[in-house]
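# Coordinate analysis (summary)
For reference, the chains in residue letters:
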Amino acid sequence: MGLLTVLVFMVIAFQTQCTEAVSKDGTVLLSLLNKFTAPPNFFSSWNSSDKYPCHWKGVTCHPHHTVSALDLSQTNLSGTLSSAICALHNLKELYMGSNNLSGTIPPELGNCTQLEFLDLSSNNLHGQIPVQLGSIKNLRFLSLYDNFLNGSIPLSIFGLRQLEVIYLVINNLTGDIPSNVGNLTYLSKLWLGENSLVGEIPSSIANCEHLTEIFFHRNQLVGELPQSLGRLSKLQKLYVTSNNLGGQIPKSLGNCTNLIEVELSNNSFSGEIPPELGRLGSLEILSLSRNGLTGIIPLEIVQCAGVVLISPQEGKFPKAYKLTFDTTNNTTEYEALLLGLDFAKEKGIKKLQVMGDVESILNQVKNKYLSKKKRLRSYRNKVWDEIEGFDAFSIQAIPREQNTKADSLAVLASLLLPYPEFDKDVYEL
């Protein structure tokens, strides 16, 4: 009897050890498997016989063996999100982007109060952004882009004062951009483009002094660009393409000397291009097409190659690029010509006429004049290669006074006009 008692005790002890093998966090993770469909063997490392889940695929742990991060991004997961994930009380990072998750974002995610990074981007999530996410006070990174989310952006999101990155582009969000965006003084990237946002850009955005990227393109924003944008000294990229913005381009943008890319096309901006933009020494792209701008490209915008395309169907498309290498007047003109050819190809133009005011360059392209400089001959050859992509092409000089749309020292203007010898889709470069 004594031996039998010992054996029974050992069996009971072994069973107890097995049932206690998985830690609490491991049990929570195993419960999530019922919510997901994954590729074969993806979760094979999630073994219930492990005491801790720290070596499971996609799992990272704190030194004390509790889960700190869960990365299941780009794994072809399908299914729905479970609020049970917040039972991982020390979870700081959750990455589930680039999958096929569906359904809504559970409001209970607001209970994941230790989260600092939340990425649910590029899924098939719908419904509204839960107001409860505003309870995650330590959140620094929020990425919900490329889903089917609708409704307005909750005011509570703009109360998360630790936020550094907000990616909400490519959704169906509506409403305006709340003025309390200015509360986010640590914010560096604000991506709200490709939604249906309305209203004006709040001037309080200038309080986000660490902003480097603003992407508001393809919305329905109205009003003017705030003069206060000039206080964003760290701003590098400004995209407001395809809105209903108007008024003059603020001179204060010239104070944002770290700007690299400025995309203002397809709006209703009017007046002249501010010469203050010439202070943007790091500028590489300045796109102003499809606006109501007048006057010439200012001489202050030095060492830029600019192109003005004029279409009988769509109007004028000025575009300027910052040349980031040393140039002469002739090389700048060649760069502008090449940019014009490339820009025309982007528009799908097959028949082109070039009209420019630098006759020496035009004669080189026509092979009427051979430059002694090897670099200029290389440019000419590159232009010839590009020309082969058009069905019809011609090039001619115009008087400088007729070329008032471009800076005569630094910019060659390419005016696209109907080519009379062909149909209405023919252009000259």
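Residues numbered from 1 in each chain as written. Predicted model: local features only at pLDDT ≥ 70, side-chain atom pairs only at ≥ 80, totals over all residues. Heavy atoms only, no water.

### Structural notes on the environment of glycine 151
- Structurally, the position occupied by glycine 151 is in strand E10 (residues 148–152).
- With 46 residues separating them in the primary sequence, glycine 151 and leucine 197 have C-alpha atoms 9.8 Å apart.
- In contact with glycine 151, other than residues within four places in its own chain, are Gln128, Asn172, Leu173 and Thr174. (Helix = DSSP H or I, 4+ residues; strand = E, 2+ residues; numbered from the N terminus. Contact = heavy atoms within 4.5 Å.)

### With respect to the pattern of salt bridges
- Taken as a whole and judged by the stated rule, the model has 3 salt bridges.
- One salt bridge in this structure joins lysine 92 and glutamate 116, with 3.6 Å as the shortest N-O distance. Placement of lysine 92 in the loop between strand E4 (78–80) and strand E5 (93–95) and of glutamate 116 in the loop between strand E6 (100–102) and strand E7 (117–119) is noted, with a sequence separation of 24 residues between them.
- For arginine 140, the salt bridge goes to glutamate 116, with nearest N and O atoms at 3.2 Å. In this pair, arginine 140 is assigned in the loop between strand E8 (126–128) and strand E9 (141–143) and glutamate 116 in the loop between E6 and E7, connecting sequence segments 24 residues apart.
- By relative accessible area, which is 30% here, arginine 140 ends up partly exposed.
- Each of Lys92, Glu116, Arg140 and Glu164 takes part in one network of salt bridges that share partners. (Salt bridge = Lys/Arg side-chain N within 4 Å of Asp/Glu carboxyl O. Buried < 20%, exposed > 50% of the residue type's maximum accessible area, 1.4 Å probe, protein only.)

### Considerations on helix H5 (residues 374–387)
- Compared with the 20 Å implied by 1.5 Å per residue over 14 residues, the 20 Å span of H5 between its first and last C-alpha is a close match.
- Buried within H5 we find Leu376, Tyr379, Arg380, Val383 and Ile387. Taken end-on, H5 shows its buried residues confined to a sector of 100°, consistent with a single buried face. In H5, the exposed positions angled more than 90 degrees off the buried face are occupied by Lys374 and Asp385. (Expected span 1.5 Å × (residues − 1). Arc of directions from axis to C-beta.)

### Regarding unusual backbone geometry
- Of note in this structure, asparagine 76 is not a glycine but carries a positive phi near 65°.
- Inspection of the secondary structure assignment puts asparagine 76 in the loop between strand E3 (67–71) and E4.
- With phi around 60°, isoleucine 170 is a residue other than glycine that occupies positive phi space.
- In this structure, isoleucine 170 sits in the loop between strand E11 (165–167) and strand E12 (172–174).
- Residue classification places isoleucine 170 among the partly exposed positions, given a relative accessible area of 34%.

### Side note on the sheet that holds strand E1 (residues 36–37)
- Pairing in this open sheet of 3 strands is mixed, and the strands run E1-E4-E6 from one edge to the other. Edge positions in the sheet fall to E1 and E6, since each has one partner strand and no second.
- Bridging between E1 and E4 involves 2 bridges; their strand directions are antiparallel. Paired with phenylalanine 36 across the bridge in E4 is glycine 79. (Pairing = 2+ DSSP bridges.)

### What about the packing of aromatic side chains?
- Within the structure shown, the criterion is met by 10 aromatic pairs.
- Note on phenylalanine 141 and tyrosine 167: the rings are 5.8 Å apart at their centroids and 85° apart in plane angle, and the pair reads as edge-to-face. Of the two residues, phenylalanine 141 is situated in strand E9 and tyrosine 167 in strand E11; the sequence distance between them amounts to 26 residues. Each member of the pair phenylalanine 141 and tyrosine 167 is classed as buried.
- Ring geometry for tyrosine 145 and tyrosine 167: centres 6.2 Å apart, planes at 75°, overall edge-to-face. Taken together, the positions of tyrosine 145 in the loop between E9 and E10 and tyrosine 167 in strand E11 put the pair 22 residues apart, joining distant regions of the chain.
- Given a relative accessible area of 12%, tyrosine 167 falls into the buried group.
- Members of the aromatic cluster, each reached through a chain of ring pairs, are Tyr95, Phe117, Phe141, Tyr145, Tyr167, Trp191, Phe215 and Tyr239. (Phe/Tyr/Trp six-rings, centres within 6.5 Å; stacked < 30°, edge-to-face > 60°.)

### Quick word on the sheet that holds E12
- Spatially, 3 strands are ordered E8-E10-E12 in an open sheet, and the strand pairing comes out parallel. Each of the sheet's edge strands pairs with one partner strand only, and the pair in question is E8 and E12. The sheet shows a mean angle of 10° between the axes of neighbouring strands, direction not considered.
- Strand direction decides the pairing type here: E10 and E12, joined by 3 bridges, are parallel. Across the sheet, residue glycine 151 finds its bridge partner in E12, namely leucine 173. (Axes fitted to C-alpha atoms, helices over the stretch in contact; angles between N-to-C directions.)

### Overview of the side chain of asparagine 291
- As for its placement among the helices and strands, asparagine 291 is situated in the loop between strand E19 (285–287) and strand E20 (292–294).
- Here the side chain of asparagine 291 touches asparagine 267 through a polar contact of 3.3 Å, landing on its backbone nitrogen.
- Polar contacts involving the side chain of asparagine 291 include one to the main-chain carbonyl oxygen of leucine 288, which spans 3.0 Å. (Polar contact = N/O pair within 3.5 Å; in protein donor to acceptor, adjacent residues only side chain to side chain.)

### Quick notes on the state of the cysteines
- Following the criterion strictly, the structure yields 2 disulfides and no others.
- The residue that forms a disulfide with cysteine 54 is cysteine 61, at a sulfur-sulfur distance of 2.3 Å. The sign of the -95° torsion about the S-S bond sets the cysteine 54-cysteine 61 disulfide as left-handed. An identical accessibility class is assigned to cysteine 54 and cysteine 61; each is buried.
- Paired by a disulfide, cysteine 86 and cysteine 112 hold their sulfur atoms 1.9 Å apart. Torsion about the S-S bond of the cysteine 86 and cysteine 112 cystine: about -95°, corresponding to left-handed handedness. (Disulfide = S-S within 2.5 Å.)

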